[in-house]
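Each chain is listed here by its residues.
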Amino acid sequence: MVERSLSMREGSKPPPLLSLALIPLPLAAVDSFSSRRRCSLSSCEALSSLSLEKPKLKAFGTVSPCVNCEGMTMHSSSTVGVKRVFIGAGCNRIVNNVSWGASGFVAFGAHNAVAIFCPKSAQILTTLPGHKAVVNCTHWLPSSKFLFKAKQLEQHYLLSGDADGAIILWELSLIDGKWREVLQVPKLHKKGVTCISGIMVSQTEALFASTSSDGIACLWELILPLTSKGDCKLSCLDSLSVGSKCMVTLSLSELPGTNGQIVLAMGGLDNKIHLYCVGRTRKLVHACELKGHTDWIRSLDFSLPISVNGDANNIFLVSSSQDKCIRIWKMALRSSITNGNGNGNGIYKKEEISLLSYIQGPVLVAGSSSFQISLESLLIGHEDRVYSVQWQPPLVESMESDAYHQPQSILSASMDKTMMIWQPEKNSGVWMNVVTVGELNHCALGFYGGHWSPSGDSILAHAYGGSFHLWKNVVNDNWQPQKVPSGHFASVTDVAWAKSGDYIMSVSHDQTTRIYAPWKVEASLQKGEFWHEIARPQVHGHDINCMAVVHGKGNHRFVSGADEKVARVFEAPLSFLKTLNNATLQNYCSSDDVLTDVQILGANMSALGLSQKPIYAHAVHEVPERGAADGFDTLETIPDAVPTVFTEPPIEDQLAWNTLWPETHKLYGHGNELFSLCCDHRGELVASSCKAQSSNVAEVWLWQVGSWKSVGRLQSHSLTVTQMEFSHDNNLLLTVSRDRHFSIFAITRTGTEISYSLLARKEGHKRIIWSCSWNPHGHEFATGSRDKTVKIWAIDKELSVRLLLTLPQFESSVTALSWIGLHDRRNNGLLAIGMENGQIELWSLSYNRADDGSIAAPSLVATLAVRVDPFLCHASTVNRLAWRKNEEHRVSMQLASCGADNCLRVFGVTVD
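Note that the coordinates shown come from a computational prediction; the quantities given were computed from them, not determined experimentally.

**A few points about the overall build of the protein chain**
- Helix and strand content of the protein chain: three helices and 66 strands.
- Buried positions account for 61% of the 912 residues belonging to the protein chain.
- A sequence separation of at least 24 residues applies to 58% of the contacts in the protein chain between residues at least 6 apart.

This is the structure in structure tokens:
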């Protein structure tokens, strides 16, 4: 990260928060993979990367690496293990970002990572790190179109391209489910890759084309190994420049009856479709152009050969454009140019043009064959840009043969919030819209792409809001919505566990607050839990920077802070409490810990999208009167939400509108945008800070829970306070800042009166301090900084602060910290440490206390318990780490993390 001046101007964003937390390395991770090699985390080879240089000790503590080839050891008698529990992530808002492969898995870009999810379980299985920039496009080899060629394959391959022009080839082994990075394609593109498209020529040969915003299109040949241990061979066959108007979509196909001739279609900003032939020389030869669209070409897709009047030498090309139209182009084998004598004076056998092929287009010459191109049909039905069109994958007739049947069925996705399936009418042959599905949510802004499942019985859309939408054909064109993964589509800035520990809440720069929980269905309890997003309490109009869950008795509440000067307080409605009952198989509404007289059922969004107004239970069935002038296109007529109690995980349309929490209070006082929030462990005080460039603005405000009145303004720092945390006895408040100092305030409660005093202020690091965390069993705390160090401090009985230990310098800036104690070992703990490069480490801290309760520096021992494998970690800055509070089952713990890669992750941590 580039060093930023400490005098950065007001209003500019400081770098993302760094967090610290200790996490053990997984002993065996099903979804792990390694760069250019298979990674089994239980192997000595994989763990060999965990070796540490001999650390330099500071103060009087002891730092020791402790790693063996069987697992991560915390002590001689304890082993720490880490596994993936849950990944939540949204899709990058880019047209060609999603690909559904013949493997049955869906790949998509989540910031600079490639995420893989399984549509059957609606869970993200893993993320593939390696890209340095945002992932623009993905493409499977084989894709769903070539399922009939993939029946004998043990490995499937995935191509991904990013905004820097890099393309990476990944391999998935279907035998053990493991991933590996095979190679990085030579970087011929100087700007972002806009599209990748490929075909399987045979089971060991694939061709793919790539295009970029630099106006360069490349054709590649990929030779695949016969065995899992073989190497892939990649070569660039040809490249060409298309000029200043770049291409944004590609499609490849084999031409029927030509003995291996390939056709490449390209479309882009010049409103034309360019066709190139690839012959035996494997060079791109321009064949012709297809004109008709009046705006950018956004999607192209070739069908496999379709039989027309018994002749299977026809292929169809479907194109879509920003002009709202879809065009189907027919390419019919016209003749052989060379006669039997080889003199080149062949006679064209011209096909009779039917009424459907009413516009005769150019002739495409491919080697010794030619194809008559004609406009088969013009499909008009969408009301906005059509970003995606795709032919239904062929139906495999037999598992023993390569026979298939190509259905005449096209899926289109548009920014008008709908996807349509088009098919020709049986009698007339006229193409008609036979199925329409879409979003009902008024906040949605349309679909960026639509995709068929390999079997053709499901369709998937990804939308402008980073969300997925899946429909399945249950029976006779009855398409029903299905569960899909969900998550933020921008940097996730903060995460916290509920006071009960039953769900996690996260906030993001995508302007939403989301709640995730394991949905414990009784029938599947033996098979483990699947996490889902169960509510979206806040949909805001500003980027949300921080949040704090209010602990203590009473209803579920949280406070959020965004790029505005106001902190907002939210309280759980009755519909959420009942949904939570269904998810956890518990009854929260009848417990003493939650109010039983909640009268608010849900919330409605205001016209400006800032405040969320309550919907009362007794007013649910009242229909507001509308005047004659109340049109539905005005800002004041946003449709009413329908708060719903869910008995199964909600889908996107329901989440976006019907799971809002009412806003109960606004906290005014700060002079700039909110940056950090925290709540004490009794649920009595909330502390808040904002972006600051002066000591007056950098003060920390204290708010009393319940009355929500300001009860204190703590001054100590001169720049933004980046994180705050109350000690576990609630008597001390620790704050860290961009001014490189940390401060400790004593909080005294006398009845309803709150008093405070500054105990200590110390320059703890040489660079910005991003994070801090208290020892749950004492007055020791850790701080992490951009100077790549973590320091452990202690507060003595004399209320002075002394340095106990400095951990060895890390490879990257420390951005997040979280300290947890072990309930059966009060003198031991795990410190989770998150870094700017996305890595997470878990450190074991053990110590002995003197009779007066203090820790002698030599008795504090810090041991690296586990360095989490990079393929389980974030692909970008870790913004926050949070341990789940679970006093009774501390041996099996959970750690939540969030990062700038748009991902929220939950790790399972075991200590044996």
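**Some remarks on the packing of aromatic side chains**
- Per the counting criterion, the structure on display carries 23 aromatic pairs.
- Ring centres 6.3 Å apart and planes at 75° place the aromatic pair F447 and W471 in the edge-to-face group. With a gap of 24 residues between them, F447 in strand β34 (residues 447-452) and W471 in strand β36 (residues 468-475) connect regions that are remote in the sequence.
- Ring pairing ties together the aromatic residues Y503, F558, F570, F576 and W661, which thus form one cluster.
- For the cation-ring pair, R93 lies above Y464, with the distance from its terminal atom to the ring centre recorded as 4.3 Å.

**Observations concerning the nonpolar core**
- Membership of the largest hydrophobic core comes to 42 residues, with the highest contact counts inside it found for L169, L222, C232, L264 and M266.
- Apart from residues no more than four positions distant in its own chain, C232 is found in contact with Y157, L169, V182, L183, L222, I223, L224 and P225.
- Counting residues in hydrophobic clusters, the runner-up holds 23 residues, among them M505, A517, W519 and F570.

**Description of the UniProt feature "repeat: WD" (unreviewed entry) in the protein chain**
- With numbering matched to this structure, UniProt assigns "repeat: WD" (unreviewed entry) to residues 290-339, 485-516 and 762-803.
- In residues 485-516, the share of helix is 0% and the share of strand is 50%. The end C-alpha atoms are 11 Å apart.

**Focus: the sheet that holds strand β43 (residues 557-562)**
- Judged by pairing direction, the sheet is antiparallel, and its four strands sit side by side in the order β42-β43-β44-β47 without closing on themselves. A strand with exactly one partner marks an edge of an open sheet, and here the two such strands are β42 (544-550) and β47 (663-667). Sheet twist, expressed as the mean angle between neighbouring strand axes with direction ignored, is 20°.
- Here five bridges tie β43 to strand β44 (residues 567-571), and the two strands are oriented antiparallel to one another. Directly across from V559, in β44, lies its bridge partner V569.

**What to know about the environment of V98**
- Topologically, V98 is positioned in strand β6 (residues 98-100).
- Through-space distance from the C-alpha of V98 to that of W140 is 9.7 Å; in sequence the pair is 42 residues apart.
- Among all residues touching V98, those that are not within four sequence positions of it are C91, V106, A107, F108, T138, H451, L460, H462 and F468.

**Considering the sheet that holds strand β49 (residues 685-690)**
- The antiparallel open sheet is built from four strands, whose spatial order is β48-β49-β50-β51. Strands with a single pairing partner mark the edges of an open sheet, and in this sheet they are β48 (674-679) and β51 (710-714). On average, adjacent strands in this sheet sit at an angle of 20° to one another, irrespective of strand direction.
- Inspection of the sheet shows strand β50 (residues 700-704) paired to β51 by four bridges, in the antiparallel sense. Paired with L702 across the strands is G712, a residue of β51.

**Focus on unusual backbone geometry**
- In this model, L141 is joined to P142 through a cis peptide bond whose omega is 0°.
- Structurally, the position occupied by P142 is in the loop between β10 (135-141) and β11 (155-162).
- Phi at H111 takes a positive value of approximately 60°, unusual for a residue other than glycine.
- Looking at the element boundaries, H111 is found in the loop between β7 (106-110) and β8 (113-118).
- Residue H111 is classed as partly exposed on the basis of its relative accessible area, which comes to 23%.

**Description of the pairing of β11**
- Within β11, eight of the eight residues are buried, leaving the element largely enclosed by the surrounding structure.
- Side chains Q155, Y157, L159 and G161 project from β11 onto one buried face, and the interleaved H156, L158, S160 and D162 project onto a second face that is buried too.
- When β10 meets β11, the two strands line up antiparallel, connected through six bridges. Counterpart to V135 in the pairing with β11 is D162.
- Here seven bridges tie β11 to strand β12 (residues 167-173), and the two strands are oriented antiparallel to one another. Considered in β12, the bridge of Q155 is made with S173.

**Here we look at the pattern of salt bridges**
- The tally for this structure, following the rule as stated, stands at 22 salt bridges.
- With its nearest N and O atoms 3.7 Å apart, the salt bridge here joins K272 to E289. You can see K272 sitting in the loop between β19 (262-268) and β20 (273-278) and its partner E289 sitting in strand β21 (residues 284-290), a full 17 residues away along the chain.
- On the accessibility criterion, E289 (29% relative accessible area) is partly exposed.
- Here R536 makes a salt bridge to E533, at a shortest N to O gap of 2.8 Å. In this structure, R536 and E533 share a single accessibility class: buried.

**So, the pairing of strand β39 (residues 504-508)**
- Of all the five residues making up β39, five are buried; the element is thus mostly covered by neighbouring parts of the structure.
- Across the two faces of β39 the burial is the same, with I504, S506 and S508 and M505 and V507 all buried.
- Inspection of the sheet shows strand β38 (residues 492-497) paired to β39 by five bridges, in the antiparallel sense. Considered in β39, the bridge of W497 is made with I504.
- With antiparallel pairing between neighbouring strands as the criterion, β38 and β39 make up a hairpin whose turn holds six residues, including G501 at a positive phi of roughly 75°.
- Where β39 and strand β40 (residues 512-519) come together, four bridges link them in antiparallel fashion. Bridge pairing in β40 places I504 opposite Y516.
- Counting the residues in the hairpin turn of β39 and β40 gives three residues, including Q511, whose phi is positive at 75°.

**Quick word on a nonpolar patch on the surface**
- A contiguous nonpolar surface patch, about 240 Å² in accessible area, is contributed by V430, M432 and V434.
- The residue V434 is located in strand β33 (residues 431-438) in this model.

**Observations regarding empty space enclosed by the protein**
- Enumeration according to the criterion identifies seven cavities of 30 Å³ or more in this entry.
- In this structure, the largest cavity is lined by 35 residues; those nearest its centre are H139, L300, D301, Q390 and H451.

**Some words on the side chain of S467**
- Take S467: it is sitting in the loop between β35 (458-463) and β36.
- Taking relative accessible area as the criterion, S467 reaches 7% and is therefore assigned buried.
- Apart from the residues within four sequence positions on either side, S467 is in contact with E439, A461, H462 and E652.

**Considerations on the environment of D653**
- Note on placement: D653 falls in helix α3 (residues 652-658).
- Along the backbone, D653 and G438 are 215 residues apart, and their C-alpha atoms lie at a distance of 9.6 Å.

**Focus: helix α2 (residues 574-584)**
- For α2, the buried fraction is high: nine of the 11 residues fall into the buried class.
- Within α2, the full set of buried residues consists of L574, S575, F576, L577, T579, L580, N581, A583 and T584.
- Of the surrounding elements, those touching the buried residues of α2 are β40, β41 (530-539) and β45 (600-605).
- L585, located one to two residues past α2, shows a positive phi value of around 60°.

**Structural notes on the environment of I216**
- Structurally, the position occupied by I216 is in strand β16 (residues 216-223).
- Look at I216 and you get partly exposed, because its relative accessible area is 23%.
- Separated by 26 residues in the primary sequence, I216 and K190 place their C-alpha atoms 8.7 Å from one another.
- If sequence neighbours within four positions are ignored, I216 has contacts with H189, S210, T211, S239, L240 and S241.

**A closer look at the confidence of the model for the protein chain**
- Residue-level pLDDT values for the protein chain average 82, and 81% of them are 70 or greater.
- Low pLDDT (under 50) marks residues 590-595, which in the prediction has 17 contacts with non-local residues, meaning those over four places away or in another chain.

What counts as what
- Residues numbered from 1 in each chain as written.
- Predicted model: local features only at pLDDT ≥ 70, side-chain atom pairs only at ≥ 80, totals over all residues.
- Heavy atoms only, no water.
- Helix = DSSP H or I, 4+ residues; strand = E, 2+ residues; numbered from the N terminus.
- Buried < 20%, exposed > 50% of the residue type's maximum accessible area, 1.4 Å probe, protein only.
- Contact = heavy atoms within 4.5 Å.
- Phe/Tyr/Trp six-rings, centres within 6.5 Å; stacked < 30°, edge-to-face > 60°.
- Lys NZ or Arg CZ within 6 Å of the ring centre and 35° of its normal.
- Core = buried A, V, L, I, M, F, W, Y, C linked by side-chain atoms within 4.5 Å.
- UniProt positions renumbered as here; feature names shortened; annotations may be inferred.
- Pairing = 2+ DSSP bridges.
- Axes fitted to C-alpha atoms, helices over the stretch in contact; angles between N-to-C directions.
- Salt bridge = Lys/Arg side-chain N within 4 Å of Asp/Glu carboxyl O.
- Patch = residues over 30% accessible without salt bridge, like charges linked within 9 Å, V, L, I, M, F, W, Y side chains within 5 Å.
- Areas by Shrake-Rupley, 256 points an atom, 1.4 Å probe, with all protein chains shown as cover.
- 1 Å grid on protein atoms, 1.4 Å probe; cavity = no way out; pocket = protein on both sides within 12 Å on 5 of 7 lines; lining within 4 Å.
- Points joined across faces, edges and corners; volume = space filled by probe spheres on them.
- pLDDT = per-residue confidence, 0-100.

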